[in-house]
Amino acid sequence: MSMNDPLGDMLTRIRNSQMRGKSSVVSPASKVRAWVLDVLVAEGYVRGYEPITGADGHPALRIELKYFDGVPVIRELKRVSTPGRRVYSGVKDIPQVRQGLGVAIVSTPRGVMSDAQARSANVGGEVLCTVF
């Protein structure tokens, strides 16, 4: 799983660590993973992240998880596009997550951004995941 879908692997690590109430989780580093984390930080779903050297000596990211009154801020984190089934949306078809309460993270020609940013930049792209 992890090698076929590195982003899906990171999302699963975040989900699992939050279920266990962990304060942080480590994921192998990659540009796409960092770009997705940038959106999660900007939208208030994770506290932040920092590049570290993983236990295996490879670059990794330590992700600081966020809780409110002891409850994970992220209620739902779903992979949309997968290596086996890519999902692309034109700007008019970018999904709204929970009537706009959640966020879709989209990889566009202008970078990885939230669905709201993609709409205002008038660009579509690959819908990587949704967060609520």
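Residues numbered from 1 in each chain as written. Predicted model: local features only at pLDDT ≥ 70, side-chain atom pairs only at ≥ 80, totals over all residues. Heavy atoms only, no water.

We apply this condition: UniProt positions are given in the numbering used here, feature names are shortened, and annotations may be inferred rather than shown by experiment.
The name an unreviewed UniProt entry assigns to the protein chain is Small ribosomal subunit protein uS8, from the organism Pontivivens marinum. Per UniProt, the protein chain carries the Sequence similarities (unreviewed entry) text "Belongs to the universal ribosomal protein uS8 family."

1. Points about the packing of aromatic side chains
Definition in use: Each Phe, Tyr or Trp ring, with Trp reduced to its six-membered ring, pairs with another whose centre is within 6.5 Å; inter-plane angles below 30 degrees give stacked pairs, above 60 give edge-to-face pairs, and intermediate values give tilted ones. Charges are assigned to positions over rings by a cutoff of 6 Å between ring centre and Lys NZ or Arg CZ, combined with an angular limit of 35 degrees from the ring normal.
The final tally for this structure, using the stated rule, is 0 aromatic pairs. A cation over an aromatic ring shows up here: arginine 75 above the ring of phenylalanine 132, its NZ or CZ 4.3 Å from the ring centre. Against the face of phenylalanine 132 rests arginine 98, its NZ or CZ located 4.3 Å from the ring centre.

2. Describing the pairing of strand S1 (residues 24-28)
Inclusion rule: Type-normalised accessible area, obtained with a 1.4 Å probe on protein chains alone, sets the label of each residue: buried when under 20%, exposed when over 50%, and partly exposed for intermediate values. A helix here means a DSSP run of H or I that spans at least four residues, while a strand means a run of E at least two residues long, and both kinds are numbered starting from the N terminus. At least two DSSP bridges between two strands are needed for those strands to be called paired.
The alternating pattern of S1 places Val25 and Ser27 on a buried face, while none of Ser24, Val26 and Pro28, on the opposite face, is buried. As paired strands, S1 and strand S3 (residues 59-65) are joined by 5 bridges and run antiparallel to one another. Bridge pairing in S3 links serine 24 to glutamate 64.

3. Section: helix H1 (residues 6-19)
For clarity, the cut-off: Helices are assigned an expected span. That span is 1.5 Å times one less than the residue count.
Compared with an ideal rise of 1.5 Å per residue, which puts 14 residues at 20 Å, H1 spans 20 Å between its outermost C-alpha atoms and is within 8% of the ideal. Looking one or two residues past H1, glycine 21 carries a phi angle of roughly 75 degrees, positive in sign.

4. Regarding the nonpolar core
Condition: Buried Ala, Val, Leu, Ile, Met, Phe, Trp, Tyr and Cys residues that are joined via side-chain atoms within 4.5 Å together make up what is termed a nonpolar core. Each domain's limits were defined by an automated method or a database of domain assignments.
Counting residues in hydrophobic clusters, the biggest one holds 23 residues, and the most contacted among them are Met10, Ile14, Val36, Leu40, Ile63 and Ile105. For this core, the secondary-structure elements that each account for two or more residues are H1, helix H2 (31-42), S3, strand S8 (103-108) and strand S10 (125-131). Here this core gathers at least three residues from each of two domains, domain 1 (6-72) and domain 2 (77-131). The next biggest cluster of nonpolar side chains, apart from the first, holds 6 residues, and it includes Val91, Ile94, Met113 and Val123.

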